[in-house]
Amino acid sequence: MPFEVIGPIGASLTAQIDKIRCRRILLARKTMVCGRRMTVEEALIEVEHLQKLRHPHIVQLVGSYLQGKKFSVLLYPVADCDFVDFLEQVLDIVQETPDMKYRAANGNRTVTAGTLFVKSAPQAIASMWHFFGCLVDAVKYIHSTARKHLDIKPGNILVRKHAQAAYGYRIYIADFGISRSFKSLDHSQTDTHIRRTPKYCAPEVWEQDVHGRAADIFSLGCVFMEMLTVLCGRDLDEFVDFRSQSGQGSGAYHESIDQVFEWAEQLRPELEDCFMYETLFQTFESNVSMVPKINGLHATLQMLARNPEERRMPIFQKGELVMESCSACGDIPEKFEYFEELGV
């Protein structure tokens, strides 16, 4: 195939990621060496899932091919960074902006809230506040297709600066390598042993117990806690140290749920004093109209309940899920952008 390798993007224990150009389109190529560690059948799992998923906040499958023992997957778009790096960037901006609590996600406009003159927040901050709803919509969509991701974490979430995005950035869920499908929306429970990321996996996944879609809700709740921590200007290393006071001292969420709830109470006063938290991170109790709103921190803690049956996904929009578009931001799956249009 007519590929031009532009350069490496990253690597993991099982894969090498490169930026390539194929027929004037920039793509990410994920290459895995198949053998004892990773079989061709295991590598195909991600392809099989992505073939059936189409959502503005999920990476798109372009194609795949096998050369010898190397299995490659072509993905779109090419991200600028993963969420680990983006969280660090946002933290730097928050810490450098002393009046951040008074800023609003209002693009290039200014608004007045009571007698308070509200300035526009930096794009990365405004985007972060909107990412809560976008991530929820994407995971709800995955679940609606009788699938569960099972490895939601900042390293498997990608961010890209985009001129057409409402606040400058778009977010994408990636890496469906250990995802599972199930027969119907009423039966998502499985007891299959899977590879897992200890820090973000749900208690039942860590214990290799029966697990369903609630495992994804727990993992996404962990990501939300890190987002809220950063938006309060708190360092994530400090959060890890606080969680490490419990259990084995690893900082894994599944063994430090009590500490996570204590940390949340430390964040609450600062969040409640933040203009964007009050205006953007309010969720509904149910899909039925005219019901009370609940604040985002409370909704996040519901995601982190020990009992999987008590976990609830936040509801940012009333009504039914709209397929192939994001109910939070209105985005639709992207069309391919050509090399010249990107100014590369």
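What you see is a predicted model, and the numbers here were worked out from it, not measured in a lab. (Residues numbered from 1 in each chain as written. Predicted model: local features only at pLDDT ≥ 70, side-chain atom pairs only at ≥ 80, totals over all residues. Heavy atoms only, no water.)

## What to know about the overall build of the protein
At step 1: In terms of regular secondary structure, the protein is built from nine helices and 14 strands.
At step 2: In the protein, buried positions account for 52% of the 344 residues.
At step 3: Of the contacts made within the protein by residues no fewer than 6 positions apart, 64% connect residues no fewer than 24 positions apart.
At step 4: Approximately 16,500 Å² of the protein is accessible, and the part contributed by carbon and sulfur atoms is 49%. (Helix = DSSP H or I, 4+ residues; strand = E, 2+ residues; numbered from the N terminus. Buried < 20%, exposed > 50% of the residue type's maximum accessible area, 1.4 Å probe, protein only. Contact = heavy atoms within 4.5 Å. Areas by Shrake-Rupley, 256 points an atom, 1.4 Å probe, with all protein chains shown as cover.)

## Re the nonpolar core
At step 1: Among the nonpolar cores identified, the biggest contains 86 residues, and Phe83, Phe86, Trp129, Met225 and Met227 are the most heavily contacted of them.
At step 2: Excluding its chain neighbours within four sequence positions, the residues that come into contact with phenylalanine 86 are Cys81, Ala124, Met128, Phe131, Val159 and Tyr169.
At step 3: Formed by seven residues, the second largest nonpolar core is a distinct cluster that contains Ile20, Ile25, Leu74 and Tyr76. (Core = buried A, V, L, I, M, F, W, Y, C linked by side-chain atoms within 4.5 Å.)

## Concerning the side chain of aspartate 18
At step 1: Looking at the element boundaries, aspartate 18 is found in strand β2 (residues 15–22).
At step 2: Not counting chain neighbours up to four residues away, the residues in contact with aspartate 18 comprise Val5, Gly7, Pro8, Ile9, Leu27, Ala28 and Arg29.

## Quick look at a negative patch on the surface
At step 1: A cluster of acidic residues, Asp85, Glu88, Asp92, Glu96, Asp235, Asp237 and Asp241, forms a negative patch on the protein surface.
At step 2: Put simply, the parts of the chain that give the negative patch at least two residues each are α2 (83–95) and α6 (236–243).
At step 3: Ranked by the residues each element gives to the negative patch, the list is headed by α2, at three residues. (Patch = residues over 30% accessible without salt bridge, like charges linked within 9 Å, V, L, I, M, F, W, Y side chains within 5 Å. Salt bridge = Lys/Arg side-chain N within 4 Å of Asp/Glu carboxyl O. Lys, Arg positive; Asp, Glu negative; His and termini not counted. Charge placed at Lys NZ, Arg CZ, Asp CG, Glu CD.)

## A few points about the sheet that holds strand β11 (residues 169–173)
At step 1: Here we have three strands laid out as an open sheet, ordered β6-β10-β11, and antiparallel in their pairing. On the outer flanks of this sheet lie β6 (81–82) and β11, each paired with one strand and no other.
At step 2: Of the pairings in the sheet, the one linking strand β10 (residues 157–161) to β11 comprises five bridges and is antiparallel in character. Across the sheet, residue leucine 158 finds its bridge partner in β11, namely tyrosine 172. (Pairing = 2+ DSSP bridges.)

## Side note on the sheet that holds strand β3 (residues 25–33)
At step 1: In spatial order, the strands read β1-β2-β3-β5-β4; together these five strands make up an open sheet with antiparallel pairing. In this open sheet, the two strands that pair with only one neighbour each are β1 (3–11) and β4 (60–67). Strand-to-strand twist of the sheet, defined as the mean angle between neighbouring strand axes without regard to direction, takes the value 25 degrees.
At step 2: Where β3 lies against strand β5 (residues 70–76), six bridges are found, and the strand directions are antiparallel. (Axes fitted to C-alpha atoms, helices over the stretch in contact; angles between N-to-C directions.)

## What about empty space enclosed by the protein?
At step 1: Counted according to the given criterion, the structure contains four cavities of 30 Å³ or more.
At step 2: Here the largest cavity is characterised by a volume of approximately 100 Å³.
At step 3: In this structure, the largest cavity is lined by His57, Ser127, His130, Phe131, Cys134, Ala165, Ala166, Tyr167, Tyr169, Arg170, Cys329 and Asp331.
At step 4: Secondary structure elements with two or more residues in the lining of the largest cavity: α3 (123–144) and β11.
At step 5: Ranked by residues supplied to the lining of the largest cavity, first place goes to α3 with four residues.
At step 6: Class assignment for the residues of the lining of the largest cavity results in seven nonpolar, three polar and two charged. (1 Å grid on protein atoms, 1.4 Å probe; cavity = no way out; pocket = protein on both sides within 12 Å on 5 of 7 lines; lining within 4 Å. Points joined across faces, edges and corners; volume = space filled by probe spheres on them. Nonpolar A, V, L, I, M, F, W, Y, C, P; charged D, E, K, R; others polar.)

## Considerations on the packing of aromatic side chains
Each aromatic ring pair is summarised here by two numbers: the centre-to-centre distance and the angle between the ring planes.
At step 1: Across all of its chains, the model carries 18 aromatic pairs by this definition.
At step 2: Ring geometry for phenylalanine 132 against phenylalanine 224: centres 4.9 Å apart, planes inclined by 85 degrees, an arrangement best described as edge-to-face. On the criterion of sequence distance, the pair formed by phenylalanine 132 in helix α3 and phenylalanine 224 in helix α5 (residues 214–231) is long-range, its members being 92 residues apart. Both residues of the pair, phenylalanine 132 and phenylalanine 224, count as buried.
At step 3: Relative to phenylalanine 316, the ring of phenylalanine 281 lies with its centre 5.6 Å away and its plane at 0 degrees, an arrangement referred to as stacked. Linking phenylalanine 281 in the loop between α8 (275–280) and β13 (282–284) with phenylalanine 316 in the segment after α9 (296–303), this pair joins segments that are 35 residues apart in sequence.
At step 4: We classify phenylalanine 316 as buried; its relative accessible area is 13%. (Phe/Tyr/Trp six-rings, centres within 6.5 Å; stacked < 30°, edge-to-face > 60°.)

## As for the pairing of β2
At step 1: When β1 meets β2, the two strands line up antiparallel, connected through seven bridges. Each bridged residue has a counterpart across the sheet, and for phenylalanine 3 the counterpart in β2 is cysteine 22.
At step 2: In this antiparallel pair of consecutive strands, β1 and β2, the connection spans three residues.
At step 3: Of the pairings in the sheet, the one linking β2 to β3 comprises eight bridges and is antiparallel in character. Bridge pairing in β3 links aspartate 18 to arginine 29.

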